[in-house]
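# Structure assessment
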Amino acid sequence: MKQKFLVAVSILLMVVAHVAGQSNNASISSNSFKVIPLGVKGGLDESNLSAYLVAASGNDQFICLDAGTIYKGLELAAQKKIFKSSNPSIIQQNNINSYFISHAHLDHTAGLIMNSPNDKAKNLYGLASVLDVFKKNYFTWSAWANFGTEGEAPILKKYSYQTLTPKLEIPIDKTGLFVTPFVLSHVNPYESTAFLVRNQDAYLLYLGDTGPDRVEQSTQLAQLWQTIAPLVIKNQLKAIFIEVSFDNSVSEKALFGHLTPNLLMEEMVKLNQLANGQLKNTQLYVTHIKPCDDCEIKIKAEIQAANQIGLKIFYPTQATLIELK
Ligand SMILES: [Zn+2]
Ligand SMILES: [Zn+2]
């Protein structure tokens, strides 16, 4: 009798362990992100400008956050066999589900515009102020061809303009992802956007170009930090992608809506305080460094020196897969 009881208990324990193991595995495989940077710099090198593919782990449908460089990034990713196809245009057509543009500056849009003839019909998401530039400046017959769904005739209807409402989360078809946009200040009153991407209960935050609140005379970053601090505390925010364009020697008057290492840390200290000192649990990826002699080395050293709160800092590389767990 005692033996039967022990057998029953051990079977029960095995079942419990098995179920626990499964739910653990499930949370690791489905509750995280893949990021493929197609371009990471903030200027000069037109083959490597801000563009980040993001997908839910286990899904091959990516959203593209900014689109400065598309073709070269996909070509390099294809060489590394990150995708099934080795043809950049086929990958763009089949694996990029939709585009989210933070603001319309050319270092965030040129790849999308140049490759539009080879792309398939898909959604182009942005704030009204961002989509207006496509409607009035880029997808016109004088600048290029009208691949949009509005504006100058003939209208080729390849990119369906989807106007985002700040702070309103929307589901993205076929990706398993949800996106919430937040307005950023990029030389007040010009707008840029941060995209908070959700996969189940995991989050990733990507910021387009932004100045610090103090220089921009804005509260946009303060509002964003208030919103995401609870996610940091609950360990749900896996990564922040944020810009540092210039080194500390650039004066605040000459920033044109960008961050330096010291200004990045000024903002991160505020977020870390709101997050009860838990920001070290979130990976910080520094984007959009503007190339100049030794700038990259200088900026990295300055960030390291300014990182008094022990943040985990990374630098994305073009066409190198980032797996966030
Ligand atoms: Zn930029
Ligand atoms: Zn910009």
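The present account deals with the structure reproduced in this document. (Residues numbered from 1 in each chain as written. Chains lettered and ligands numbered in written order. Predicted model: local features only at pLDDT ≥ 70, side-chain atom pairs only at ≥ 80, totals over all residues.)

## Some points on the overall build of the chain
The cut-off we apply is this: Only runs of H or I of at least four residues qualify as helices and only runs of E of at least two qualify as strands under DSSP, and these elements are numbered from the N terminus. For this measure, only C-alpha atoms enter the radius of gyration; the expected value for a globule follows 2.2 Å times N^0.38, where N is the number of residues. Field definition: a residue is buried when 20 or more other C-beta atoms are found within 10 Å of its C-beta, exposed when 12 or fewer are, and partly exposed for counts in between, with C-beta atoms placed from the backbone. Contacts here follow a simple rule: the backbone-placed C-beta atoms of the two residues must lie within 7 Å.
Counting its regular elements, the chain contains nine helices and 14 strands. Its C-alpha radius of gyration of 22 Å places the chain within 12% of the 20 Å reference for a compact globule of 325 residues. In terms of overall dimensions, the chain has a C-alpha envelope of 90 × 45 × 35 Å along the principal axes. Classification of the 325 residues of the chain by burial places 44% in the buried group. Considering only residue pairs separated by 6 or more positions, the chain has 64% of its internal contacts joining residues 24 or more positions apart.

## Concerning helix H2 (residues 71-79)
Residues Lys72, Gly73, Leu74, Leu76 and Ala77 constitute the buried set of H2. Taken together, the buried residues of H2 touch strand S1 (33-39), strand S2 (51-56) and helix H3 (88-95).

## Concerning the sheet that holds strand S8 (residues 177-185)
The pairing of strands in a sheet comes from backbone hydrogen bonds and takes either a parallel or an antiparallel form. Using the following cut-off: For two strands to count as paired, DSSP must find a minimum of two bridges between them. To define axes, lines are fitted to C-alpha atoms, for helices over the stretch in contact only, and angles between the resulting N-to-C directions are given on a 0 to 180 degree scale.
What the seven strands build is an open sheet, ordered S7-S8-S9-S10-S11-S12-S13; its pairing is mixed. This sheet does not close on itself; its edge strands, each paired only once, are strand S7 (170-172) and strand S13 (312-314). Recorded for the sheet is a direction-independent mean angle of 25 degrees between the axes of neighbouring strands. For strand S12 (residues 283-287) and S13, the ladder comprises three bridges, and the chain directions are parallel. Across the sheet, the residue bridging to glutamine 283 is lysine 312, located in S13.

## Some thoughts on the packing of helix H8 (residues 261-274) against helix H9 (residues 295-306)
Put simply, the test is: The crossing is said to be left-handed when, going from far helix to near helix, the turn is anticlockwise and less than a right angle, and right-handed when the turn is clockwise. Each residue receives one of three labels: charged for Asp, Glu, Lys and Arg, nonpolar for Ala, Val, Leu, Ile, Met, Phe, Trp, Tyr, Cys and Pro, and polar for the others, Gly being one of them.
Taken N-terminus to C-terminus, the directions of H8 and H9 make an angle of 35 degrees; their axes are 9 Å apart at the nearest point. For the crossing formed where H8 meets H9, the hand is right-handed. Contact residues: Pro261, Asn262, Leu264 and Met265 in H8; Ile299, Glu302, Ile303 and Ala306 in H9. Across the contact of H8 with H9, the residue classes tally to six nonpolar, one polar and one charged.

## Overview of H8
The line we're drawing: Expected helix span is computed as 1.5 Å times (number of residues minus one).
With 14 residues, H8 should reach 20 Å at 1.5 Å per residue; the first-to-last C-alpha distance of 20 Å fits that figure. For H8, the set of buried residues is Pro261, Leu263, Leu264, Met265, Glu267, Met268, Leu271 and Asn272. Just downstream of H8 lies asparagine 276, where phi reads positive at about 55 degrees.

## Some words on the nonpolar core
Applicable threshold: Think of a nonpolar core as buried Ala, Val, Leu, Ile, Met, Phe, Trp, Tyr and Cys residues chained together by C-beta atoms that fall within 7 Å.
The biggest cluster of nonpolar side chains holds 81 residues, and the ones touching the most others in it are Leu53, Val54, Cys64, Leu205 and Tyr206. In contact with leucine 205, not counting residues within four places along its chain, are Ala194, Leu196, Ile228, Leu237 and Ile240.

## Topic: the sheet that holds strand S3 (residues 62-65)
Spatially, S6-S5-S4-S3-S2-S1-S14 is the arrangement adopted by the seven strands of the open sheet, whose pairing is mixed. The open sheet has two free edges, formed respectively by strand S6 (159-163) and strand S14 (322-324), since each of these has just one partner strand. Averaged over all adjacent pairs, the angle separating strand axes in this sheet is 25 degrees, with direction ignored. Pairing analysis gives three bridges linking S2 to S3, with the strands arranged antiparallel. Bridging across to S3, valine 54 finds its partner in isoleucine 63.

## So, the pairing of S8
Residues in a regular strand point their side chains to alternate faces of the sheet. Within S8, seven of the nine residues are buried, leaving the element largely enclosed by the surrounding structure. In this structure, the hairpin formed by S7 and S8 is closed by a connection of four residues, where lysine 174 is found at a positive phi of approximately 70 degrees. Bridging between S8 and strand S9 (residues 191-199) involves eight bridges; their strand directions are antiparallel. Within S9, the position partnered with proline 181 by the bridge is phenylalanine 195. The hairpin formed by S8 and S9 contains five residues between the paired strands, and valine 187 there has a positive phi angle of roughly 65 degrees.

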